[in-house]
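Residue-level listing of the chains:
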Amino acid sequence: ALEAEPARPSAQAGPGMVAGVVGLTALALMLVPLSPALAKVAPAVSQGAQACLPMLAGDTAKEVAKTHGVVRRDGVWQVEAGGEAVEIAPPGAANPNVCALYISHAPDEAEAIFASIDGWATAPDLGLARVRDREPAAGADRQTSVWAGEALGRSLDVVLSKDTSSGEVEPQSMLVITAR
C-alpha cells in the first residue's frame, strides 16, 4: 500500500500561477518518452486536466476556451488534441468546486491515460501525492486512482476511474478534479 507524502506548502493561486503550472506541466509531459498509445491520448487528457485548473480558480469555460483550446461542439465542452477529443464538464452552480473529464478510449489506452494523469498530478508544479494506485472497484470492471494535496492555494483531489473491461464496447474513463 502506498502512503501519501506530506503535501508541500503552496503559493496563492492567481492567473500567473495557473499559467505557470500549465506551462511546466506541458513541459514535463513533453520530456517523458511516450508509448504509441500514450502519444495518442496524452495530449487531450493532459490538456483537459490543465483546462480544469483555471475553471476551478473561477474562470468560465468560455474564458478558458481562449487560452486552453477548449471548444463547444453540439452543446458539449471538449478539448481536441492528438486526434482525440475529451469531454469536459466544467464547474457549475450544482458543483462549483468540481471539474470532470469524460474520456472514450481504446482498451489498450487505459494504462496510457493513467500514466498521463500520474505524470501531470505528481509533477513538481502541482506536487500531488498518489494515495490510491489503480485499486479495483468491488464488483465492477473499474480501477480507481487518487492523488491529493495542496496546490494553487487550495486542496486538490484528483480521481481517475478507468474502465478495465476488455469487451467490444469502447471503454470510458472519468477524471474528476475537486478543489476545496
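Quick summary incoming for the structure in this document. (Residues numbered from 1 in each chain as written. Predicted model: local features only at pLDDT ≥ 70, side-chain atom pairs only at ≥ 80, totals over all residues. Heavy atoms only, no water.)

This next bit is on the overall build of the chain. When you go through the chain residue by residue, the secondary structure sums to four helices and eight strands. Reading the chain from its N end, one meets helices and strands in the order α-α-α-β-β-β-β-α-β-β-β-β. Split into buried and exposed, the 180 residues of the chain put 41% on the buried side. Long-range contacts, defined here as pairs at least 24 residues apart, represent 54% of the contacts in the chain between residues at least 6 apart. Carbon and sulfur atoms make up 56% of the accessible area of the chain, which amounts to about 8900 Å² in all. (Helix = DSSP H or I, 4+ residues; strand = E, 2+ residues; numbered from the N terminus. Buried < 20%, exposed > 50% of the residue type's maximum accessible area, 1.4 Å probe, protein only. Contact = heavy atoms within 4.5 Å. Areas by Shrake-Rupley, 256 points an atom, 1.4 Å probe, with all protein chains shown as cover.)

This part takes up the side chain of S46. Relative to the helices and strands, S46 resides in helix α2 (residues 36-56). In this structure the side chain of S46 is engaged in a polar contact, spanning 3.4 Å, whose partner is the backbone oxygen of P43. (Polar contact = N/O pair within 3.5 Å; in protein donor to acceptor, adjacent residues only side chain to side chain.)

As a further point, take helix α4 (residues 110-122). For α4, with 13 residues, the first-to-last C-alpha span of 18 Å sits near the 18 Å given by 1.5 Å per residue. Of all the positions in α4, only A110, A112, I113, F114, S116, I117, D118, W120 and A121 are classed as buried. (Expected span 1.5 Å × (residues − 1).)

On to the pattern of salt bridges. Proximity of charged atoms lets side chains of opposite charge pair with each other. Applying the stated criterion across every chain yields a total of eight salt bridges. The salt bridge partner of E111 is R134, with a shortest N-O separation of 2.3 Å. Linking E111 in helix α4 with R134 in strand β5 (residues 129-136), this pair joins segments that are 23 residues apart in sequence. Exposure remark for E111: the relative accessible area of 40% places this residue in the partly exposed category. Across the salt bridge formed by R180 and D157, the nearest N and O atoms sit 2.4 Å from each other. Separated by 23 residues along the polypeptide, R180 in the segment after β8 (172-179) and D157 in strand β7 (residues 154-163) bring together distant segments of the chain. For R180, a relative accessible area of 55% translates into the label exposed. Overlapping salt bridges, with partners in common, bring together E111, D118, R130, D133, R134 and K162 in one network. (Salt bridge = Lys/Arg side-chain N within 4 Å of Asp/Glu carboxyl O.)

Taken as a whole and assessed by the stated rule, the structure comprises one disulfide. With its sulfur 2.1 Å from that of its partner, C52 forms a disulfide with C99. Where C52 bonds to C99 through sulfur, the torsion about that S-S bond is close to -65 degrees, and the disulfide is left-handed. Taken as a pair, C52 in helix α2 and C99 in strand β4 (residues 98-104) lie far apart in primary sequence, 47 residues in all. Take C52 and C99: they sit in the same class, and that class is buried. (Disulfide = S-S within 2.5 Å.)

Positionally, P43 belongs in helix α2. We classify P43 as partly exposed; its relative accessible area is 28%. Residues P43 and S116 lie 73 residues apart in sequence; the distance between their C-alpha atoms is 8.5 Å.

Along the polypeptide, D118 turns up in helix α4. The residues contacting D118, other than those within four sequence positions of it, are R130 and W147.

With that out of the way, let us pick up the sheet that holds β5. On the basis of which strands lie adjacent, the open sheet formed by eight strands has the order β1-β2-β3-β4-β8-β7-β6-β5 and antiparallel pairing. Here the strands that pair on one side only, and so sit at the sheet edges, are β1 (70-73) and β5. Averaged over all adjacent pairs, the angle separating strand axes in this sheet is 25 degrees, with direction ignored. Packing against the sheet, helix α3 (residues 61-68) makes contact with β1 and β2 (76-81), and its axis sits at approximately 10 degrees to β2. With respect to the sheet, α4 is in contact with β4, β5, β6 (142-151), β7 and β8, its orientation differing from that of β7 by roughly 170 degrees. (Pairing = 2+ DSSP bridges. Axes fitted to C-alpha atoms, helices over the stretch in contact; angles between N-to-C directions.)

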